[in-house]
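Residue-level listing of the chains:
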Amino acid sequence: MSLNGWLQISLFIACILLLAKPMGDYLTRVFDRRKTFLDPILNPCERLLYRITRIKPEQEMRWTEYAVAMLTFSAATALLTYVIERTQQWHGHLLNPQHLPGVEPALALNTAISFTTNTNWQSYSPEGTMSYLTQMLGLATHNFWSAAVGIALAVAFIRGIARREANTLGNFWVDLTRATLWVLVPISIAFSIALVSQGVIQNFKPYDTAKLVEQQKVTGTDGKLTTVTTQTIAQGPVASQEAIKMLGTNGGGFFNANSAHPFENPTPLSNFLQMLSIFLIPAGLTIMLGKMVGSPKHGWAVLAAMTILWFVATLTCYWAEAKPNPLIHNADQRASLTQSGGNMEGKEVRFGIANSALFAAVTTDASCGAVNSMHDSFTPLGGMVPMVNILLGEVVFGGVGSGLYGMLVFVIMAVFIAGLMVGRTPEYLGKKIEAYDVQMSMLYLLIFPFIILGFTAVSVLMPNLGLSSLANHGPHGLSEILYAYTSATGNNGSAFAGLNANTHWYNYSLTVAMFFGRFMMIVPMLAIAGNLARKKIVPASAGTFPVTTPLFTLLLTGVIVIVGALTFFPALTLGPILEHLLLHAGHTF
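Here the structure is a predicted model, which means the values were calculated and not measured.

Here is what the cut-offs are and how they apply
Throughout, residues of each chain are indexed from 1 in the direction in which the sequence is written. Only residues with pLDDT of at least 70 are given local features in this predicted model, and only at 80 or more are side-chain atom pairs given and counted; all residues enter the totals for whole chains, interfaces and linings. For the side-chain quantities, the full set of heavy atoms in the structure was used; hydrogens and water were omitted. In DSSP terms, a helix is any run of H or I states spanning at least four residues, a strand is any run of E spanning at least two, and both are numbered starting from the N terminus. Only C-alpha atoms enter the radius of gyration; for comparison, a globular chain is expected to reach 2.2 Å times N to the power 0.38, where N is the number of residues. Here's how the labels work: a residue is buried when its accessible area is under 20% of the maximum for its type, exposed when over 50%, partly exposed in between, all with a 1.4 Å probe on protein chains only. Buried Ala, Val, Leu, Ile, Met, Phe, Trp, Tyr and Cys residues form a nonpolar core when they are joined through side-chain atoms within 4.5 Å. The contact rule is simple, with two residues in contact once any of their heavy atoms fall within 4.5 Å. In this description, a line fitted to the C-alpha atoms serves as the axis of each element, helices being fitted only across the stretch in contact, and the angle between N-to-C directions of two axes falls anywhere from 0 to 180 degrees. An angle counts as roughly parallel when it lies under 35 degrees, as roughly antiparallel when it exceeds 145, as roughly perpendicular when it falls between 65 and 115, and as oblique in every other case. Crossings are assigned a handedness: left-handed for a near helix turned anticlockwise from the far helix by less than a right angle, right-handed for a clockwise turn. Amino acids are sorted into nonpolar (Ala, Val, Leu, Ile, Met, Phe, Trp, Tyr, Cys and Pro), charged (Asp, Glu, Lys and Arg) and polar (every other residue, Gly among them). Here a helix's expected span is defined as the number of its residues, less one, multiplied by 1.5 Å. When DSSP locates at least two bridges between a pair of strands, those strands are taken to pair. The term salt bridge refers to a side-chain nitrogen of Lys or Arg lying within 4 Å of a carboxyl oxygen of Asp or Glu. Cavity: a set of points on a 1 Å grid over the protein atoms alone where a 1.4 Å probe fits but cannot get out. Pocket: an open set with protein on both sides within 12 Å along at least five of seven lines, its lining residues, like those of a cavity, having an atom within 4 Å of a point. Grid points are joined across faces, edges and corners, and a volume is the space filled by probe spheres set on the points. Positive charges are assigned to Lys and Arg, negative charges to Asp and Glu, while His and the chain termini are left out of the count. Definition of a polar contact: a pair of N or O atoms within 3.5 Å, with one able to donate and the other able to accept a hydrogen when the atoms are protein atoms, and with sequence-neighbouring residues admitted only if both atoms are side-chain atoms. Residues enter patches when their relative accessible area tops 30% and they take part in no salt bridge; the joining distance is 9 Å for like charges and 5 Å for the nonpolar side chains Val, Leu, Ile, Met, Phe, Trp and Tyr. In this description, accessible areas are obtained by the Shrake-Rupley approach with a 1.4 Å probe, and a residue is regarded as covered only by the protein chains that are shown. Any pair of Phe, Tyr and Trp rings, taking the six-membered ring for Trp, is counted once the centres come within 6.5 Å. Such a pair is stacked with planes under 30 degrees apart, edge-to-face with planes over 60 apart, and tilted for the rest. In our convention, an over-ring charge means Lys NZ or Arg CZ found within 6 Å of a ring centre and within 35 degrees of that ring's normal.

Comments concerning the overall build of the chain
For the chain, the count of helices and strands is 19 helices and four strands. The C-alpha atoms of the chain give a radius of gyration of 24 Å, which matches the 25 Å a tight globule of 589 residues would have. Dimensions of the chain, computed from the C-alpha atoms along their principal axes, are close to 75 × 60 × 50 Å. Counting over 589 residues, the chain shows a buried share of 57%.

Okay, here's the thing in structure tokens:
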């Protein structure tokens, strides 16, 4: 750990906190349909879109109608992506210059559901599997749509809190349209230009072939030794996909190496901007929460809880990766002007340990899943941090929209516990939290571990299904499987790369995990929002627990940690914690 590393981490969080308020103010104006500087350009586009699709923007929806509209849209776009993948052999030379064949059914289904659910799990090498048209029309567009759906759902939840004696939560199609046109598209355009200025490529060239300076001997699948003299250099429209991949907390890379690839993330500045864009909208949504419910301090209290959890995760990961490997002896592993020290395995030299640890914490605190280093190569405790971030429900900033509505479920649990402590009916911003709200919150919280632990157990206990494509045995192998289902169910998309997930078992089981991890958790959340919207406001009294104070922030943080610890601690002890102890005893896996 170095002063330079801490300065970069401090600069990052300072920028997020400075940008949170202007971003939150802008989001509030967009979804309250107040005037913004983009209105002269976008209002005509919005009206034309409604006219073509026959949407009535003034017609609001009950929570059930909102859920049906969201599920219908998601199903239609998933089908579109599946068809594009299966037919990419007909995309033509310009949009498929490598003449890649259609994607096989299991992988195509996995990918379509992955991008629909904002997971962007990739069981394939993108540059060798997907055509340019598939990358742009099938995947990059989903990065906009899935992110816009998340924002729309968060806005609907906030309306449920803010409204009184109402039966509706807004119009899904309007919220989706405004999230896309007013928020995601303009910021992505500006961000794409910034990335191109840093060297991120944007073209439609066929892949280049370069001669190697030194010939390489490679063992083929047939066991024969062959000599490799050339290297294929992939090209493509990368910057446009990279921008929304980060801004929408999607995470799916144009290249297999993701943001560790120099064509996706060439410089320290591009790396900083990518991390900044991951947290930008989630941080702004907390400020929007405070403004829309009429309690700005509450929004800051929620943001403070997120920041505390982010800092602990970053500190732990940085500390673990900066420590020397206990199995390497007689070598200087201290950080100095000439070496980074610590564990550099799986990390890019141009980013180093500090920015690798920070990126890992940021991308898994959000539901982004992009990586600039390989989490499978982290130390046991360093690799546990990204896993725990997702296991906590990705409410630490979280995905665009999904992080906030997940956090609000925890807020309801926190005020419920506070009410039990003082022996009175719990209240949240003037609304009583009753049995139905708690039941739906518990359903939301229990679905998550049920899917993760259930599929992990089946994979471990059925060797022909779950263990056949595992690169490591012992506790590290368990961590690889646990991380895969955690990432899929949490709609994150990052992976412990030692697991080959491109098998029928993992393609189908991870598809189920991603689908239910997204939509089965959305329905009870919307049910809570609909129930809250119908309630009256009750006056605050001396027994009302305030949700704007440091005490509330600490209670909320504690509830999140305790729920995660009680649920997943046994699995973590058999995985990364056991691996850490065995590593110091001289064993590797």
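Additional details are given in the paragraphs that follow.
Some details on the nonpolar core
Soluble globular proteins tend to pack their nonpolar side chains together in the buried interior. Membership of the largest hydrophobic core comes to 161 residues, with the highest contact counts inside it found for Phe12, Phe157, Phe172, Leu184, Ile281, Trp310 and Leu526. When residues no more than four places from it in sequence are discounted, the contact partners of Leu526 are Trp63, Tyr66, Ala67, Leu153, Ala156 and Leu169.

A short note on the packing of helix α14 (residues 402-422) against helix α15 (residues 435-461)
Two elements in contact, α14 and α15, have axes whose closest approach is 10 Å; the angle formed by their N-to-C orientations is 130°. Accordingly, the angle class assigned to the pair α14 and α15 is oblique. Crossing geometry of α14 relative to α15 is assigned as left-handed. Two secondary-structure elements touch here, α14 through Tyr405, Gly406, Val409, Phe410, Ile412, Met413 and Phe416 and α15 through Val438, Ser441, Met442, Tyr444 and Leu445. Across the contact of α14 with α15, the residue classes tally to 10 nonpolar, two polar and no charged.

Thoughts on helix α17 (residues 474-489)
End to end, α17 covers 23 Å across 16 residues, agreeing with the expected 22 Å (1.5 Å per residue, within 8%). Burial runs high along α17: 14 of the 16 residues are buried. Among the residues trailing α17, Asn491 stands out with phi positive, at a value near 55°.

Digging into the pairing of strand β1 (residues 208-219)
With zero of its 12 residues buried, β1 lies for the most part at the surface. Taken together, the eight bridges between β1 and strand β2 (residues 225-233) define a ladder with antiparallel strand orientation. Each residue of the ladder has a partner; that of Asp208, found in β2, is Ile233.

Focus on the pattern of salt bridges
For the structure on display, the rule yields 14 salt bridges. Of the charged contacts, one joins Arg178 and Glu46 as a salt bridge, the two residues approaching to 3.2 Å between their closest N and O atoms. One end of the pair, Arg178, is in helix α8 (residues 172-197); the other, Glu46, is in helix α2 (residues 39-53), with 132 residues separating them in the sequence. Both residues of the pair, Arg178 and Glu46, belong to the buried class. Each of Lys21, Asp25 and Lys291 takes part in salt bridges that share partners, so that together they form one network.

Focus: empty space enclosed by the protein
Applying the stated criterion across every chain, the model contains one cavity of 30 Å³ or more. Counted as a void, the largest cavity has a volume near 30 Å³. As for the largest cavity, its lining consists of Phe73, Ser74, Thr77, Thr116, His142, Trp145, Ser146, Val149 and Arg518. At the level of secondary structure, the elements contributing two or more residues to the lining of the largest cavity comprise α3 (63-86) and α7 (132-162).

Some remarks on unusual backbone geometry
Residue Arg33 is not a glycine yet carries a positive backbone phi of 60°. Note that Arg33 resides in the loop between α1 (3-31) and α2. Look at Arg33 and you get partly exposed, because its relative accessible area is 44%. In this structure, Asn118 is a non-glycine residue whose phi angle is positive, near 70°. The residue Asn118 is located in the loop between α5 (105-116) and α6 (126-129) in this model.

Here's the deal with the environment of Leu556
One can find Leu556 in helix α19 (residues 550-584). Sequence separation of Leu556 and Ala418 is 138 residues, and the distance between their C-alpha atoms is 10.0 Å.

Regarding the side chain of Asp39
In this fold, Asp39 is placed in helix α2. With no salt bridge to any partner, buried Asp39 finds its closest opposite charge in Arg178, at an N-O distance of 4.6 Å. Within the local environment of Asp39, its side chain forms a polar contact with the side chain of Thr36, the two groups lying 2.7 Å apart. Ignoring sequence-local partners within four residues, the contact set of Asp39 consists of Arg34, Pro44 and Trp182.

Overview of a nonpolar patch on the surface
A cluster of nonpolar side chains, contributed by Met1, Ile308, Phe311, Val312, Leu315, Trp319 and Leu554, occupies part of the molecular surface with about 620 Å² of accessible area. Top element by residues in the nonpolar patch is helix α11 (residues 296-322). It accounts for five residues.

Focus on the packing of aromatic side chains
Counted by the stated rule, this structure contains 26 aromatic pairs. When the centroid spacing of 6.4 Å and the interplanar angle of 55° are considered together, the rings of Phe545 and Phe552 count as tilted. The exposure class of Phe552 is buried, given its relative accessible area of 0%. One aromatic cluster is present, built from ring pairs that chain together Trp6, Phe12, Phe272, Phe279, Trp310, Phe311, Tyr318 and Phe397. A cation over a ring is seen here: Arg178 above Trp182, with NZ or CZ 4.0 Å from the ring centre.

The analysis is restricted to geometry; functional conclusions fall outside its scope.
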